[in-house]
Amino acid sequence: MGKSLLQRRVIRVGLPFLVLIVGGSFGLKEFAQLRYDFRNKRSVTKDEADKIGVEMKTAKEVTLESEYEKVKSIDTTSWENIRGPRPWEEGNKLYEQAVERAQSLK
Amino acid sequence: MASWSSLGFQDAASPLMEQLIFFYDYAMLVIILIVTLVGYMMASLFFNKLTNRFLMEGQTIEMIWTILPALILIFIALPSLRLLYLLDEVGSPEITIKVIGHQWYWSYEYSDFLQVSFDSYMLPPNELPDNGFRLLDVDNRTVLPVNAQVRVLISAADVIHSWTVPALGVKADAVPGRLNQVSFAVNRPGLFFGQCSEICGANHSFMPIVIESTSTDAFLNWISSSSD
């Protein structure tokens, strides 16, 4: 234990090592931050929508609860149990309606 | 996309589906290792001429073939639980769409925008263009922006349906009177197809789902042209 502080291997080797590890982690933060910046980037925002001229509601207006209130008002009891020929067979009114709908798109 | 005779999963189009595929590959590797080991042991019995008619017990080997399977199960369970909780995470969504299942079509409503809602019917095969996908193409596709966290709220108006897109790793039942929520982000542009996954009547096989993912600008332009 006769060596001076700066001559001891613990300090000569250990201190630069610790500085490298701890300081390096601060330096690496600059590179690792990219992952969090990318993940937090939001592309569809009210500002972007305003640039195009589209009106967008705020996040607070559109919640699970508010949409559920709208869904509650859907009438789920008035449906008919429709059985019938396959789409490509004769007499399938739904299929004829589908063909009409597709033709009206043209 | 899915085509005839495809055996494996479709290519993932969302981070969650990527994780599901990774876990599947890992679990399949473990299973193949077990089957190989047991198969080898059984095959080697055919060529074994050693017999011990007075074998009573083997404490060491019994310990091994109890502890080893338990360890293998832990190695499978840990990633599985990680994925299970990952699937339930709700990141803050950028856009919300509401999907209502009807007999036999889907109706979509973009809740964040004013008056963007439409019905999506399957294109009948003889009205399909020559490069169209039979029983999969629809008249109005659901357009979504790439890399945006999307929240989909799913319900039904008559009977139970199920809304699914395999490439995105999402499936949720559309139950009348109930609102289910799924959350995902599409990480590449393209067309992703799905089909109704709960028997709902005569045309249950003929109400597909098509997601078209594009850039944010193209999406917003589509919104402005749809709300007119």
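Throughout, a residue's number is its position along its own chain's written sequence, starting from 1. Numbering of ligands from 1 and lettering of chains from A proceed in the order in which they are written. It should be noted that, the model being predicted, local features are given only for residues of pLDDT at least 70 and side-chain atom pairs only at 80 or more, the latter also being counted only at that level, while totals for whole chains, interfaces and linings use all residues. The side-chain values count all of the structure's non-hydrogen atoms but skip hydrogen atoms and water molecules.

Considering the UniProt feature "domain: Cytochrome oxidase subunit II transmembrane region profile" (unreviewed entry) in chain B
And step 1. According to UniProt, the positions carrying the feature "domain: Cytochrome oxidase subunit II transmembrane region profile" (unreviewed entry) are residues 1–91 of chain B.
And step 2. Annotated as residues 1–91 of chain B, this span is 67% helix and 0% strand, and its ends, taken at the C-alpha atoms, are 27 Å apart. UniProt positions are given in the numbering used here, feature names are shortened, and annotations may be inferred rather than shown by experiment. Per the convention used, a helix needs a DSSP run of H or I reaching at least four residues, while a strand needs a run of E reaching at least two, with both numbered from the N terminus.

Description of the side chain of B:N203
And step 1. The residue B:N203 is located in the loop between strand 9 (190–195) and strand 10 (208–214) in this model.
And step 2. Three exposure classes are used, based on accessible area relative to the maximum for each residue type with a 1.4 Å probe and protein chains only: buried under 20%, partly exposed in between, and exposed over 50%. Using a relative accessible area of 13% as the deciding quantity, one classes B:N203 as buried.
And step 3. Non-local contacts of B:N203, meaning those with residues more than four positions away in its chain, are made with A:P87, A:L94 and B:W104. Contact between two residues is taken to exist if any of their heavy atoms lie within 4.5 Å; hydrogens are not considered.

Topic: the interface of chain B and chain A
And step 1. Taken together, the contact between chain B and chain A spans 45 residues of the former and 37 residues of the latter.
And step 2. What counts as buried area is the accessible surface, traced by a 1.4 Å probe, that two parts surrender upon association, with contributions from both included. When chain B packs against chain A, the two sides together hide about 3,400 Å² of surface, and 62% of this comes from carbon and sulfur.
And step 3. In the sections that follow, a salt bridge refers to a side-chain nitrogen of Lys or Arg positioned within 4 Å of a carboxyl oxygen of Asp or Glu. Taken together, the links from chain B to chain A amount to two salt bridges.
And step 4. A:E67 is paired through a salt bridge with B:K98; the nearest N and O atoms lie 2.9 Å apart.
And step 5. Nitrogen and oxygen atoms within 3.5 Å of one another constitute a polar contact, given that in protein one can donate a hydrogen and the other can accept it, and given that sequence-neighbouring residues count only through two side-chain atoms. Linking chain B with chain A are 11 residue pairs in polar contact (both at pLDDT 80 or more).

A short note on the pairing of strand 5 (residues 149–156) of chain B
Residues and elements named next belong to chain B.
And step 1. Across the eight residues that make up strand 5, a large majority, seven, are buried.
And step 2. Examined bridge by bridge, strand 1 (residues 95–102) and strand 5 share seven bridges and lie parallel to one another. The partner of I100 across the bridge, within strand 5, is S155.
And step 3. For two strands to be treated as a pair, DSSP must find no fewer than two bridges joining them. Two elements, strand 5 and strand 8 (residues 180–185), share six bridges in a ladder whose sense is antiparallel. Counterpart to Q149 in the pairing with strand 8 is A185.

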